[in-house]
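Residue-level structure breakdown
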Amino acid sequence: MTVPSKEKGAGMGVFVKAMLFSLGLTLVFTLVANLLPQVEGEAPVEQKVDLGSLTMDDFVALGENLFIGKGTCTLCHKPPPLGRAPDIQGENMMETARQRLADARYKGKAETPEEYIHESMVDPSAYVVAGWGKKGSNDSESPMPHVDKPPIQLSALETDAIIAWLQSKDGNEVTVELPSAEASAQVAAAAPTAAGAAPAPAASGEEAIKKYGCLACHALLGSAASLGPSLEDVGRRLSAEQIRQNILQPNAQISDGFTPDVMPKDFAEKMTVKELEMIVNLLAEQQQ
Amino acid sequence: MMSGKGMDMRRVGRLWLQLFKVAILVIAITPSLLVAGDVASDGLSVDQRIAPVGQVQVEGGPIVEMPGEEAAAVEKPEPLAAPRPQRKDYPGVGVSSRAIVWVVAQMHLFFGALVLAVPLFVLVIELTGVFTRDERYDDMAHEFMKISLVGFSITAIIGGTLALALFMLYPDLMAYMMRVFRVQWLWYAFLFFVESFFLYTYYYGWNALRYGNKKWLHLTLGLLLNGAGMTIMVLANSWATFMMAPSGVDETGVITGTVWEAMKGPLWNPINLHRFIANIGFGGAVVGAYAAFKFLSTRDPKLRAHYDWMGYTSNFIAILAFLPLPFAGYWLMAEIYAYSQQMGITAMGGILAWLFIVQAVLIGTILLAGNFYLWSGMSRTEGSVRYQWMIKYIAAILVVCFLTWMTPHTLILSAREIATLGGSHHKILGPLGIMPAKNIAVNLMLVVTFLSFQLYRRSDKVATVSWAPVANGFMVAIYIVAMLNIIFVGVYYGYFTNTVYKVGSSVVQVASTLVVIIAGLTIDGFLFKGAKKLPSHWGRVSDRSQYALFALPIAFTWLMGLMGYVRSSVKTHWHVYTVMKDNSPDNFIPTIGYAGNMITLVTILFVLFVLFMFWIANISGVKQPRPGAAEGEAA
C-alpha cells in the first residue's frame, strides 16, 4: 500500500490537531484538579506523652485531638443530617450514657457512664443505638470498628484520653484517672515497644537509675563499678541541688581522679522531669 | 591406523579411569576408618555423632534416639505475621518510590485493560459477521486485532518492569504477598503462555480459518483467548482487593486460609465486574480514536465511509459499556461500606470527596462527547429530521445535570464570605453539593444519553407494525415514570430520611435507569423487526464530530487514573489494610492536585505508546516500491 504525498500531508495536519486537542483536554482536567482545595491525608503520627508532667487539662486536650485525628471518630459522628452515627459531639455523653444504661435493651457489662463509653468504643455491638445498626441486623450489630484494633488501633491510654474529653466537654466531672508512670511501666513491660519507639518512663528512682545505665560506671545498688565516683555516699558529699546539676551538666564539677567528658551530657534531653527528680531524691538519700 | 587425536583421547580416558579407581578406594575405606575409632575425641560414640546428620546407624546396631526428636515432631512452626517494616527498610532511588510504581502500574493497567477488552468485542463483532453474513464485520474485527497486537507485548514489558520495581522498592510487602498467594503466582505466569498461544493462533489464523466449520474453530480460539485473558485479570485483581480488604489471614497477617480464601475477599467480585465493563468501554474508546484519525486523514469517500462506520461501532461499544458502569460502581461502593464504613467514608466523605468533583467533570465530558457524536451522526440519514427537535431538550438536561454534579458541597471561605453567605453552606447550592443531588443528576444524564442513542438508532427506520403507536406511547411513559422516580427517590431518601438510606436509595435509581435501557432495547427490537429502512450514508458526517472520538479515550484514560488514585488511597497508611502498615516516606494520601499532575503524566505517556502501537499497525501494510521500478514503468 502506498500513501499519496497529499494524503500524507493531510495526515500530519490531522495528527497535530488531534494531539493539540487531546493535550488541551488533559490540561483542563489537570487544571480542575489543581483548583480544588489541596488536602493531604497524613498517616497518624505516634504522639509521645510525658507522663511525668501530664496534667488533666493536657489529657483532655489529647483526647480531643485523638477524637478528631487518629481516632477518625468525626468521619461518622457528625451533626445530622450528615452523620452516620449519633452526634456525640452535640450530646452530653455522660447524660446519654446514664440513659443507655437504664434502657431495657442494654445488655452490656458496664455499670458506670465511664465504663459504658469505654465499652461502646472497644465493643460497639454491646449496645446499638436504635436506628444506627448495620443494615439488616435489626440494631443488633454496630457498623462501628473496634477502636482498639486495626485500622484505628488506639492504646488504652488514648481511649481513656477520649473518655476524659467526652466527660469534660460538657462540664462533667472527669472520672478517668490520669495515667500514672507506674501503670504505664507495667503496660510497657507487658508489651515490648516496637523498634524505634520511645521507652516508657521509669516508675521509681531505682528503675530510672538502671534505665539510664548509671550503674555501668558508678558503684551503687550492688554495683562495684569504678569508672565514675561511687554514689553510695553521694548524699553525704553533695546537696540535692548539686546532684541535679551534676546529672544535667556532668563537666561542671569533676571529682578528683576522674576524667571529664566520660559521662553522657544529654540526660537533660532524655530524662523526664519526674525521672530526674526520682533519681536526685534516691541519690540524696545515699548517706553511707 | 589410528590418528594422533585418537591416541590422545585414549590417554585421557586411561587417566580418568585411574582417578575413578582412587575415588572408589577412598569411599570404601572411609566407613571402616570411622568404625575403627569407636569413641572419638569428643567422647561421643560414632552412633551418637552421626545420628543427628540423618538416620544412619551401624549395621545390626540399635536405633539411636535423637535428643528432642519427639518435641521437634510435635512442635509446629512459628506462625509468620505480616512484616512490620520500618522506614529504613524501604530502599530508595532518590525519587519517590510511590511515584515510580504509580506511573508503571497505571501504564500496565491501561494497556492490560486495552488488550483484554479488544479481543472481547472483536469476538462479538466476528460473531455478528457470521450471523449477518456481512464480511465488513469480519474485516473490521480483524483490523481491531491488528491495531492492538503490539499492545500485548507492551503490556507484558511494562508488567515485568512493574514487578521488578515493586520487588526492588517494596521488598517486605512483596515478600508477604508472595507468601499469601503462593503457587498462584506460577499459575499467573503460566497463563501468559496460554494467552500467547491463543492470541497468535487467533490473529494469524484469521484468514486460514475464515469460512465454514473452520470459522467456528476460529471463534473457539477467540473464546479461549478471552478465557485466558479474563483469568489473568481476575487473578491480578485479587492482589489489589486483598490489599484493600484482606481475607484468609488473621488480624496480624498470619495466613490462616488457602490461596482461594485469600482471593475471594469481599471486594474481589465487585472489582472484577467493574473492571470488566470499564475495560470494554475503554477499549472501544481507544479504537474509536484510531478510526477518527483515519477518517480525518483521508479524502477517499470509500475509506471515509469505512472509518466512519468503524468509529460509530467503537463509540457504540464504548457508550453501551459505559451505561451500566455506575451500577457496578454502586455495588463496589456498597461492598466497601459493608466491609468497612470507615473506608467508605474516607472515599466518599473524607479528604477524597473532592475527587468526585473531578470525576463529575470527566464523566460529564464523556457523556457530552458521546451524545454530541450521536447527534452529529444523525446527519447520515434523512429520517433523523423526525427527532432532531428533541436534541435541544436533551442538551439542556445534560448541562443542568452536569452543573449539579460538579457543584461542591463546601468551599474554603474567608470569615467575611461566610458572614455574607450566612453560613458555610449556600442555601441553594449547599443541598446540590451532596450525594443525593448528584445521584439524581447522573441517572438523568444516563437516561437521556440512552434516549439520544435510541433516537439515533431509530433515525433510519420506519416501523411498519400496527401496534407501533401503542409501543411508542409505552416507551414515552417508561421514560417519564423512570425520570420522576429517580427525582422522587433521590429527594425523599436523600433529604428527608436518615443518612444510612442514601446508598440504598441509589440502587433504586440505577434500577430505574436500567429498566429504561432494557425496555428500550426490547421494545425497539420487536418494533423494528422487518421495518422499512431509510438510506444511510456512511461518511456523511462532520469532521468536528470526530473530535468527540478523541475526547472519549482521553477522558476515559484520565478517569481510570483518577479512580486508581482513590482505590489505592482508601487504604490510607496501610499496605494491606489493617494487617501491614505502610511506613514508607510516601505513606500519606497525596493532594488531588499532585494526583492530577501524575494522572496527566501517565495519560500523555499512554497516548504516546498508543500512537506507537497504531504506527506499527499501519507500517505492517506499507510496502516500499522496488528501486528503479518507477523509472522502468515510466520508460
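Source: prediction; values computed, not measured.

A tally of helices and strands in chain B yields 23 helices and 4 strands. For chain B, with 635 residues in total, the buried portion stands at 39%.

Our focus in this paragraph is the overall build of chain A. Looking only at helices and strands, chain A has 11 helices and 0 strands in total. Each helix and strand of chain A, placed in order from N terminus to C terminus, yields the pattern α-α-α-α-α-α-α-α-α-α-α. By the burial criterion, 27% of the 288 residues in chain A qualify as buried.

Moving on to the interface of chain B and chain A. With 51 residues of chain B at the interface, the matching set in chain A holds 41 residues. Broken down by secondary-structure element, the contributors of at least two residues to the side of chain B that touches chain A are α10 (268-297), α13 (341-348), α14 (355-377), α21 (543-569) and α22 (592-619) of chain B. Examining the composition of the side of chain B that touches chain A, we find that 9 residues originate from one element, α22 of chain B, more than from any other. Here the residues of the side of chain B that touches chain A are counted per class, giving 27 nonpolar, 22 polar and 2 charged.

The next point concerns the nonpolar core. Residues and elements named next belong to chain B. If you look at the biggest cluster of nonpolar residues, it comprises 127 residues, and the most contacted ones within it are L362, L552 and A555. Here this core gets 18 residues from one element, more than from any other, and that element is helix α4 (residues 97-132). A domain-level breakdown of this core finds at least three residues from each of domain 1 (87-353 + 543-618) and domain 2 (382-535). In contact with L552, other than residues within four places in its own chain, are A285, G288, A318, I366, A369 and G370. Counting residues in each nonpolar core, the second largest holds 27 residues, with L169, M243, M263 and I271 among its members.

Right, let's talk about helix α5 (residues 135-169) of chain B for a bit. A rise of 1.5 Å per residue sets the reference length of α5 of chain B, with its 35 residues, at 51 Å; its end C-alpha atoms lie 51 Å apart and thus fit the reference within 8%. Within α5 of chain B, the axis deviates most sharply at S148 of chain B, by approximately 35°.

Right, let's get into the confidence of the model for chain A. Residue and element names in this part refer to chain A. With 89% of its residues at a pLDDT of 70 or more, chain A shows a mean pLDDT of 82. Within chain A, helix α6 (residues 181-190) has the poorest average pLDDT of any element, 56, and helix α4 (residues 113-122) the best, 93. The low-confidence segment residues 190-198, where pLDDT is below 50, has 6 contacts with residues more than four positions distant or belonging to other chains.

Turning our attention to the domain arrangement of chain B. Residue and element names in this part refer to chain B. As far as domains go, chain B holds domain 1 (87-353 + 543-618) and domain 2 (382-535). For domain 1 versus domain 2, the separation of C-alpha centres amounts to 29 Å. Counting residues at the interface gives 9 residues for domain 1, matched by 11 residues for domain 2. Here the side of domain 1 that touches domain 2 is built from residues that sort into 9 nonpolar, no polar and no charged.

Next up on the list: the confidence of the model for chain B. Of the residues in chain B, 83% reach a pLDDT of 70 or more, and the chain-wide mean stands at 86. Low pLDDT, under 50, characterises residues 30-40 of chain B; the predicted model gives this stretch 7 contacts beyond four residues in sequence or across chains.

Relative to the helices and strands, L25 of chain A is located in helix α1 (residues 5-35). With 84 residues separating them in the primary sequence, L25 of chain A and K109 of chain A have C-alpha atoms 60 Å apart. Ignoring anything within four residues of it in the chain, the contact list for L25 of chain A reads A551 and I554 of chain B.

The next subject is the domain arrangement of chain A. By domain assignment, chain A separates into domain 1 (51-180) and domain 2 (205-284). Summarising the inter-unit geometry, the C-alpha centres of domain 1 of chain A and domain 2 of chain A are found 45 Å apart.

A few words on the environment of K210 of chain A. Looking at the secondary structure, you find K210 of chain A in helix α7 (residues 205-211). Sequence separation between K210 of chain A and L221 of chain A is 11 residues; the distance between their C-alpha atoms is 9.5 Å.

Another aspect to go through is the packing of α10 of chain B against helix α11 (residues 301-322) of chain B. Residue and element names in this part refer to chain B. It is at 7 Å that the axes of α10 and α11 come closest, and there the two elements cross at 160°. With respect to their mutual orientation, α10 and α11 come out roughly antiparallel. For α10 against α11, the interelement crossing comes out left-handed. Between α10 and α11, the contacting residues are I277, I280, G281, G284, A285, V287, G288, A291, A292, K294 and F295 on the first element and R304, Y307, D308, M310, G311, S314, N315, I317, A318, A321 and F322 on the second. Of the residues contributing to the contact of α10 with α11, the split by class is 13 nonpolar, 6 polar and 3 charged.

Turning next to the packing of helix α15 (residues 391-405) of chain B against helix α18 (residues 435-458) of chain B. All names here are of chain B. The geometry of α15 relative to α18 is characterised by a closest axis approach of 9 Å and an angle of 155° between their N-to-C directions. When the interaxial angle is binned, α15 and α18 end up roughly antiparallel. Along this stretch, α15 crosses α18, giving a crossing that reads as left-handed. Contact residues: I394, I397, L398, C401, T404 and W405 in α15; A437, K438, A441, V442, L444, M445, V448, L451 and S452 in α18. Tallied by class, the residues present in the contact of α15 with α18 amount to 12 nonpolar, 2 polar and 1 charged.

A few words on unusual backbone geometry. In the segment running from P150 of chain A into P151 of chain A, the intervening peptide bond is cis, with an omega of 5°. Residue placement: P151 of chain A occurs in the loop between α4 and α5 (156-168). One non-glycine residue, Q153 of chain A, lies in the positive phi region at around 55°. Counting through the fold element by element, Q153 of chain A comes out in the loop between α4 and α5. For Q153 of chain A, a count of 16 C-beta atoms within 10 Å translates into the label partly exposed. The phi dihedral of T572 of chain B falls on the positive side, at around 45°, and the residue is not glycine. As for its position among the elements, T572 of chain B is in the loop between α21 and β3 (574-576).

Calculation rules
- Residue numbers here run from 1 along each chain, matching the order of that chain's written sequence.
- Chains and ligands are labelled sequentially in the order written, the chains with letters from A and the ligands with numbers from 1.
- Residues qualify for local features only when their pLDDT is at least 70, as the model is predicted, and side-chain atom pairs are given and counted only at 80 or more; totals for whole chains, interfaces and linings, by contrast, use all residues.
- Strands are runs of DSSP state E lasting at least 2 residues, helices are runs of H or I lasting at least 4, and numbering of each runs from the N terminus.
- The burial criterion counts other C-beta atoms lying within 10 Å of a residue's C-beta, which is placed from the backbone; the residue is buried at 20 or more, exposed at 12 or fewer, and partly exposed between these limits.
- Distance between backbone-placed C-beta atoms decides contact: two residues are in contact if it is within 7 Å.
- The residue classification treats Ala, Val, Leu, Ile, Met, Phe, Trp, Tyr, Cys and Pro as nonpolar and Asp, Glu, Lys and Arg as charged. All others, Gly included, are polar.
- Take the buried Ala, Val, Leu, Ile, Met, Phe, Trp, Tyr and Cys residues, join any whose C-beta atoms are within 7 Å, and the set you get is a nonpolar core.
- Per the annotation, domain bounds derive from an automatic or database assignment of domains.
- One less than the number of residues in a helix, times 1.5 Å, gives the span that helix is expected to have.
- Throughout, the bend at a residue refers to the angle made by two axes, fitted to the seven residues ending there and to the seven starting there.
- Residue-level confidence of the predictor is what pLDDT reports, using numbers from 0 through 100.
- Working convention: axes come from line fits to C-alpha atoms, limited for helices to the stretch in contact. Angles between N-to-C directions cover 0 to 180 degrees.
- Comment on the angle field: the value is read as roughly parallel under 35 degrees, roughly antiparallel over 145, roughly perpendicular from 65 to 115, and oblique elsewhere.
- Crossings are sorted by hand: turned counterclockwise from the far helix by less than a right angle, the near helix makes the crossing left-handed, and turned clockwise it makes it right-handed.

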